[in-house]
Amino acid sequence: MSIISRVVRRSFSTAPKSLAAAKQLTVRDALNSAMDEEMAKDERVFILGEEVAQYDGAYKITRGLWKKYGDKRVIDTPITEMGFAGIAVGAAMAGLKPICEFMTFNFAMQAIDQIINSAAKTFYMSAGAVNVPIVFRGPNGAAAGVAAQHSQCFAAWYAHCPGLKVISPYDAEDCRGLLKAAIRDPDPVVFLENEIMYGVPFPVDENIMKPDFVLPIGKAKIMKPGKHVTIVAHSKAVETSLLAAKELEKKGIDAEVINLRSIRPLDVQCIFNSVKKTHHLVTVENGWPCHGVGAEICARVSEDETFFHLDAPVFRVGGVDVPMPYTKTLEINALPQPKDVVQAVEKVIGKK
């Protein structure tokens, strides 16, 4: 058992007996059910990674799948990210549809050559002759108390690379619908989950629980309509932004909150339309600010005629530009909090 699995002990929820009857769904169960349904639908889909089989996954995302589908389709690997990522990419080139789980995307740096040079570039370098239908998934960004080497956000890293689709989901609906879309996609998809969100339950309707429920990659979602300022976020930063929006309401500021869902492709039209309505923009992310997702959004808005609809400069809220501290109080201050978003909005719209 790995160090992470021994250290990180959480209370794992029990999967609903009937997904169709569920009124709430955790992110963990959303991911699990998405993989289960896609594996049942397509025998080419298989999962590999550290502790995904007999241990049911380090975070219990693959719970029950090994017992259901067996050793050939749920495969425990050694602690060799470069090795099992390479096996997965080769399998995808041969026509299978692997789901490659990293115990954390921080460990995916060991497999960066396979992800970028092998998976992302092959379709282009083969002149469209070789597809690589693979999903790289696992927890991304800061968890809690795991310090600098386990807390990086890779959204901007992977979004920089042509040939990859990059998804950064927030809630159970995102995770269920977008993971199914990622598994069906003919190209490599990097699926960046958040460990803190795994056990969080979200309300869902019956449509989300249907086996044919799939969300389109590259489409953002307006989580809260508003008229005074646009707040754009992804992953856990969406929660931060929604909490900030509640505080802003008390101050008479009506914020529109956009959940990006997809980092590459980026739904710039959703952002443009919102900014043209609110005339103000704040971006929020847990990653470092330098060359980040927020910086890309700023550039896209500046290069479009949407720029002329802005009444103030765009403000970015992100992680502090330092390696993640281990100390709890410093960790909190290193990540954007609702109060930081509130202050940014007040600065942008000129209200103190």
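Residues numbered from 1 in each chain as written. Predicted model: local features only at pLDDT ≥ 70, side-chain atom pairs only at ≥ 80, totals over all residues. Heavy atoms only, no water.

(A) Here's a closer look at a nonpolar patch on the surface. Nonpolar side chains collect at one region of the surface, where Met109, Ile112, Trp157 and Trp288 lie side by side and expose about 340 Å² of accessible area between them. Turning to its location among the elements, tryptophan 288 is positioned in the loop between β13 (281-284) and α11 (293-303). (Patch = residues over 30% accessible without salt bridge, like charges linked within 9 Å, V, L, I, M, F, W, Y side chains within 5 Å. Areas by Shrake-Rupley, 256 points an atom, 1.4 Å probe, with all protein chains shown as cover. Salt bridge = Lys/Arg side-chain N within 4 Å of Asp/Glu carboxyl O. Helix = DSSP H or I, 4+ residues; strand = E, 2+ residues; numbered from the N terminus.)

(B) Geometry of the pattern of salt bridges. Scanning the model with the defined rule gives 24 salt bridges in all. Salt-bridge contacts for lysine 180 lead to glutamate 37; the nearest nitrogen and oxygen are separated by 2.8 Å. Linking lysine 180 in helix α8 (residues 172-184) with glutamate 37 in helix α2 (residues 27-41), this pair joins segments that are 143 residues apart in sequence. Taken as a pair, lysine 180 and glutamate 37 share a single burial class, namely buried. Across the pair glutamate 249 and lysine 224 runs a salt bridge whose closest N-O atoms are separated by 3.8 Å. Of this pair, glutamate 249 sits in helix α9 (residues 237-250) while lysine 224 sits in strand β9 (residues 221-224); the two residues are 25 residues apart in sequence, bridging distant segments of the chain. Among the residues examined, lysine 224 registers a relative accessible area of 14% and is labelled buried. Several salt bridges share partner residues, and in doing so they unite Glu37, Glu38, Arg176, Lys180 and Arg184 into one network. (Buried < 20%, exposed > 50% of the residue type's maximum accessible area, 1.4 Å probe, protein only.)

(C) Molecular detail of the sheet that holds strand β11 (residues 255-259). The five strands lie next to each other as β9-β11-β10-β13-β14, forming an open sheet whose pairing is mixed. Each edge of the sheet is formed by a strand with only one pairing partner; in this case those strands are β9 and β14 (315-317). In this sheet, adjacent strand axes meet at a mean angle of 25 degrees when their direction is disregarded. Inspection of the sheet shows strand β10 (residues 229-233) paired to β13 by four bridges, in the parallel sense. Along β13, the bridge assignment pairs valine 232 with threonine 283. (Pairing = 2+ DSSP bridges. Axes fitted to C-alpha atoms, helices over the stretch in contact; angles between N-to-C directions.)

(D) Highlighting unusual backbone geometry. In this chain, arginine 264 is followed by proline 265 through a cis amide linkage whose omega measures 0 degrees. Along the chain, proline 265 falls in the loop between β12 (262-264) and α10 (268-278). Positive phi is not limited to glycine here, since arginine 261 has a value of about 65 degrees. Mapping arginine 261 onto the fold places it in the loop between β11 and β12. Phi is positive for histidine 279, close to 70 degrees, though the residue is something other than glycine. As for its placement among the helices and strands, histidine 279 is situated in the loop between α10 and β13. The exposure class assigned to histidine 279 is partly exposed, which follows from its relative accessible area of 27%.

(E) Looking closely at the environment of tryptophan 157. Among the secondary structure elements, tryptophan 157 is positioned in helix α7 (residues 155-159). In this structure tryptophan 157 comes out as partly exposed when scored by relative accessible area, which is 39%. Here the alpha-carbon distance between tryptophan 157 and glutamate 193, two residues 36 residues apart in the chain, equals 15 Å. With residues up to four places along the chain from it excluded, the contact list for tryptophan 157 reads Met109 and Gln152. (Contact = heavy atoms within 4.5 Å.)

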